[in-house]
Amino acid sequence: MLAKDHAMRSDTRRRWGLALPAVIIITLFSILPLVVVIAYSFLTPGDFGGVKWMLSFDGWFSVLFERDIFDDTVSLSSAHMTILGRSVALSLATTLITLILGVPTAWFIATRPAGQRAFWLFLITIPFWTNLLVRTIAVQEMIRADGVFNRILLGLGVIDAPIQIMFTNFAVLMGMAYVFLPLMVLPVYSAIEKFDFRLAEAGYDLYASRFYCLRKVILPMVRPGIIAGSILVFVPALGAYVTPRIMGGGKSMMLGNLIEMQFGQGRNWPLGAALALTLTALVLVALIWYTRLTAGGPRRG
Amino acid sequence: MVDRAFDIRRLPGAATLAITCFVILYVPMIILVANSFNTGRVIGEWEGLSLRWYAAALQNEAFLNAAATSLILATMAAAVATVTATMAALATTRSRGFKGEGAIHLILNQPIMVPEIVLAIALLIILAQVKQITGYTGLGYLIIAHSAFCIPFAYMPIRARLEGMDLTLETAAADLYASRFYAFRKVTLPILAPGILAGFMLAFVISLDDVVISDFLKSPGQDTLPTYLLGELKRNLTSEIYAISSLLLLISVLIVAGSWLVTRKKI
Amino acid sequence: MLDIRDLTKSFGKGDSAVTALHEVNFSIAEGEFFTLLGPSGCGKTTLLRLIAGFEPPSGGALVLDGQDIAQMPPNKRPVNTVFQNYALFPHMTVAENVSFALGAQGRPKSEIAETVGRMLNLVQLGHLAHRKSGELSGGQQQRVALARALAPKPRILLLDEPLSALDMKLRKEMQVELKRLQQETGLTFIFVTHDQEEALTMSDRIAVMNGGRIQQIASPRDLYDQPANRFVAGFIGETNFLSARCEGGQLFLPQADAPLPLPHRDGPVTLMIRPEHVVMGATQQESLALTAKVERLTYFGTDTHVHLRLADGATLVARVQNALRGGASCRDGETIPVSLPADALRLLPQEVA
């Protein structure tokens with residue numbers, strides 16, 4: 001028994017030893033910085049960026065509230081509330097659009113003959129692997145003032161002057177939906193591909209209509225893939241920085257841009273830190289909700 | 001009218017939406033590439049087909065430097081991430097449970113649970129001071145920072161491959177007089193190779209794709225392709241941007257096609 | 001050559017500990033085809049893994065050629081295994097698989113090439129040397145696994161249910177093949193199986209195991225004819241069990257017309273008789289005479305099973321060869337005399353159920 005305990009302990013030591021380099025890199029370059037952010041969120045902003053080492057809750061306070069300069073009355077910070085609301089709303093809308101386009105696409109690919117499937121998947125993986133910035137530039141080219149849309153519409157005589165789409169919520173939404181679309185297709189595809197179509201046959205055999213079969217048999221089996229896809233789109237959309245920066249400019253900011261601003265022109269590092277932690281918390285809530293949801297469903301492989 | 005045969009796999013409207021989806025995905029990229037061949041300086045004014053902007057890019061010192069930085073950074077970061085992730089995967093798989101297994105899992109997946117922009121400002125805060133204290137401003141920071149957020153991606157396929165591996169193969173190797181090291185080199189590693197390759201490619205692409213963290217952490221003269229592109233974008237839109245974008249797109253296509261061929265051959 | 005002394009293995013610790021092997025003792029002679037037979041979970045595979053060195057024993061000794069190897073790691077033991085799923089290295093060719101052990105031992109290239117060629121000829125796979133192991137059929141993989149384990153010339157070859165994945169026809173062929181290989185090489189085989197027919201046809205000696213204990217070690221014939229206890233009798237072949245008593249040198253079977261003189265210690269016993277020894281009708285031999293009702297006849301091609309019910313409700317099965325005297329001549333529902341010849345009766349200690 002003693003020898004066995006010893007063997008187990010040495011196995012644990014060996015395993016920790018193997019994992020150590022990865023653990024150290026992540027601890028130093030991802031976890032520790034986050035801890036510093038937590039600390040900074042409770043400090044006083046420095047005069048030219050940075051912080052003064054004095055405890056202050058102003059950073060957290062300013063996430064949601066603002067104090068009137070003259071009479072000190074406290075009210076909800078409308079600017080921050082707008083950006084927070086916009087971030088959540090645009091992320092949800094992005095998820096919805098990618099669901100509407102992505103799920104049928106995944107279904108389409110999964111139901112192709114085996115030989116063709118690889119080709120269609122290939123078409124999805126190329127944008128998936130293409131640089132996010134490059135793809136954002138591609139959408140921008142479509143909708144900017146002298147971009148493709150406006151040229152076509154002008155050429156057809158539908159409009160007299162270019163429509164201003166850039167730097168609106170709509171532009172950010174289009175950009176994000178375009179950029180995150182492949183993230184929805186792939187997990188949904190792998191769920192549908194695993195689906196045993198004999199189950200659908202059994203459903204139809206038992207008098208199910210198309211809709212009934214879809215609702216009662218297919219969707220519950222494919223659900224984990226749809227949830228995974230939604231999370232995979234929603235989480236990066238909520239934290240998006242590059243796409244809203246290009247598509248929204250200074251006008252349609254999202255949380256990520258607001259955070260960056262505090263470390264740039266804003267020069268309010270504690271507020272930036274508190275905002276960053278708020279964003280992280282929102283993402284964690286979504287991830288926890290996701291694990292709850294999938295843990296409740298049927299367990300597979 | 002003839003009744004269409006009842007096809008179980010048909011979902012009314014799916015094909016239409018799917019084709020729409022592919023059109024939406026590809027039209028902007030095709031237009032982007034087409035623009036890069038435009039002779040004119042101003043985007044949208046088509047003045048004829050040429051490789052002028054590719055030539056311009058290839059003579060542009062700043063672009064070439066950025067390309068070199070990107071390549072070095074992605075290769076080094078992917079290498080570090082792959083090696084450490086392989087070790088970590090060996091540590092965390094095929095165990096009957098050990099002390100701290102949960103903690104290691106949580107740590108290994110932590111970088112993907114934090115939004116990129118948050119990680120970027122967090123690293124900015126800490127590294128700004130480290131740079132001041134040590135005086136070192138080299139590419140090392142970016143390499144390790146990239147490794148950190150690439151590890152979870154490299155870890156995934158390697159771990160999956162290890163978990164799918166038949167445990168008796170290593171037992172068999174031990175039975176046939178192989179030392180632990182010999183068994184690892186001759187049995188475990190070759191079987192793991194496709195997973196390691198996939199992990200490396202994933203890490204490479206993830207590193208190459210990064211804009212935010214590189215943009216926040218770079219010291220002067222350390223532009224990567226994406227941060228260079230972002231900087232150019234701030235100034236004005238020229239056809240050269242489209243040429244550079246097209247080159248990045250080409251890299252993605254090559255990587256996807258390459259990994260496609262590699263996985264094909266393994267089956 | 002191999003002495004197993006008080007070998008014990010338990011898994012887990014404290015209250016949840018499960019003992020898989022209870023102080024197992026036996027010896028195996030050079031060149032023997034020794035089989036470990038038992039139902040799943042009886043400890044036979046655990047015993048094999050202890051001999052191979054994949055698990056450390058909890059107690060006892062494994063003495064090979066006078067040396068205790070119980071604590072020796074598997075890659076130092078001169079013992080090789082043919083795994084149940086073959087465990088062929090999927091990224092290597094047939095030849096690379098077979099040469100693996102020799103490479104690990106650092107033998108010279110020329111010797112390796114020569115041995116691999118010889119081994120592949122031995123299992124008749126020379127023509128497939130450069131195939132990947134995934135491209136082979138089940139039977140071919142089996143042969144590669146054999147060649148791979150034989151190549152380093154082990155003192156003992158361990159075979160862990162190697163035929164269980166093959167279909168019936170192939171399994172019969174491989175049984176013959178394995179026996180031929182064993183006789184040709186003169187190697188000691190320890191063979192694990194749950195298939196009694198496989199064990200009976202191939203083995204020199206069989207150890208029947210149950211519940212982590214060895215029930216009996218004997219030759220196939222002795223095991224069948226002289227089972228040591230009810231488990232062995234029931235596990236090997238088909239058997240009738242009847243409760244009886246011995247008293248004053250006589251065997252009393254409640255259903256029988258008269259007692260039978262039989263020297264045995266007084267007390268309750270379990271009487272055992274194989275179905276093929278049950279005689280339908282009266283006989284001149286010394287026997288127990290009974291009366292039974294025919295309940296059902298089951299036709300099996302070469303023979304017919306007659307299911308009989310005795311007066312007190314006990315059942316008895318008789319097997320009648322169809323080639324003999326036109327097979328079973330009785331009919332369902334008929335009441336007939338039945339004889340249990342004295343020389344076919346075995347008395348087993350009565351076990352508390």
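What comes next concerns the included structure. It should be emphasised that the depicted structure is a prediction, and the values quoted were computed from it without experimental measurement.

For the rest of this paragraph, the subject is the sheet that holds strand β6 (residues 79-82) of chain C. Residues and elements named next belong to chain C. What the 6 strands build is an open sheet, ordered β6-β7-β8-β3-β9-β10; its pairing is mixed. Lying at the two open borders of the sheet, with one neighbouring strand each, are β6 and β10 (213-218). Each adjacent strand pair in this sheet contributes to an overall mean axis angle of 20°, direction not counted. Where strand β3 (residues 33-37) and strand β9 (residues 205-210) come together, 4 bridges link them in parallel fashion. Note that in β9 the partner of Leu-37 across the bridge is Val-208. Helix α4 (residues 138-150) rests against β6 and β7 (156-160) of the sheet, and its axis sits at about 175° to β6.

The next subject is the environment of Ala-66 of chain B. Residues and elements named next belong to chain B. Mapped onto the fold, Ala-66 is located in helix α3 (residues 61-92). The exposure class of Ala-66 is buried, given its relative accessible area of 1%. Sequence-wise, Ala-66 and Pro-226 are 160 residues apart; in three dimensions their C-alpha atoms are separated by 8.4 Å.

Residues and elements named next belong to chain C. Counted by the stated rule, this structure contains 30 salt bridges over all chains. In this structure, Asp-3 engages Arg-5 in a salt bridge whose closest nitrogen and oxygen atoms are separated by 3.8 Å. Classification of Asp-3 as partly exposed rests on a relative accessible area of 24%. For Arg-5, a relative accessible area of 43% corresponds to the partly exposed category. The partner of Glu-55 in a salt bridge is Arg-49, and the shortest N-O contact between them spans 3.2 Å.

All names here are of chain A. Negative charge collects at one region of the surface, where Glu-66, Asp-68, Asp-71 and Asp-72 lie side by side. With respect to the helices and strands, the residue Glu-66 is situated in strand β3 (residues 65-67). With a relative accessible area of 36%, Glu-66 lands in the partly exposed category.

Our focus in this paragraph is the environment of Leu-258 of chain A. All names here are of chain A. If you trace the backbone, Leu-258 turns up in helix α11 (residues 255-263). Accessibility expressed as a relative area gives 4% for Leu-258, which makes it buried. What Leu-258 contacts, discounting residues up to four positions off in sequence, is His-80, Ile-83, Met-253 and Leu-275.

Turning our attention to the interface of chain B and chain A. With 90 residues of chain B at the contact, the number on the chain A side is 79 residues. Roughly 7800 Å² is buried in total at the junction of chain B and chain A, and carbon and sulfur atoms are behind 78% of that figure. At the junction of chain B and chain A, the tally comes to 0 salt bridges. The tally of links between chain B and chain A comes to 13 residue pairs in polar contact (both at pLDDT 80 or more). In terms of residues, the side of chain B that touches chain A owes the most to one element, helix α1 (residues 14-36) of chain B, which gives 16 residues. Taken together, the residues that form the side of chain B that touches chain A break down as 67 nonpolar, 12 polar and 11 charged.

Once that is clear, we can look at the sheet that holds strand β12 (residues 250-252) of chain C. Neighbouring strands of a sheet are bound in pairs by backbone hydrogen bonds; such pairs are parallel or else antiparallel. Residue and element names in this part refer to chain C. If you trace the 5 strands from one edge of the open sheet to the other, you get β13-β12-β11-β14-β20, paired in antiparallel fashion. Since the sheet does not close on itself, it has two edges, and those belong to β13 (260-261) and β20 (346-349), each with one partner. Both β12 and β13 contribute to a ladder of 2 bridges, which runs antiparallel. The partner of Gln-250 across the bridge, within β13, is Pro-261.

Calculation criteria
Residues numbered from 1 in each chain as written. Chains lettered and ligands numbered in written order. Predicted model: local features only at pLDDT ≥ 70, side-chain atom pairs only at ≥ 80, totals over all residues. Heavy atoms only, no water. Pairing = 2+ DSSP bridges. Helix = DSSP H or I, 4+ residues; strand = E, 2+ residues; numbered from the N terminus. Axes fitted to C-alpha atoms, helices over the stretch in contact; angles between N-to-C directions. Contact = heavy atoms within 4.5 Å. Buried < 20%, exposed > 50% of the residue type's maximum accessible area, 1.4 Å probe, protein only. Salt bridge = Lys/Arg side-chain N within 4 Å of Asp/Glu carboxyl O. Patch = residues over 30% accessible without salt bridge, like charges linked within 9 Å, V, L, I, M, F, W, Y side chains within 5 Å. Areas by Shrake-Rupley, 256 points an atom, 1.4 Å probe, with all protein chains shown as cover. Lys, Arg positive; Asp, Glu negative; His and termini not counted. Charge placed at Lys NZ, Arg CZ, Asp CG, Glu CD. Buried area = accessible area lost by both parts, 1.4 Å probe. Polar contact = N/O pair within 3.5 Å; in protein donor to acceptor, adjacent residues only side chain to side chain. Nonpolar A, V, L, I, M, F, W, Y, C, P; charged D, E, K, R; others polar.

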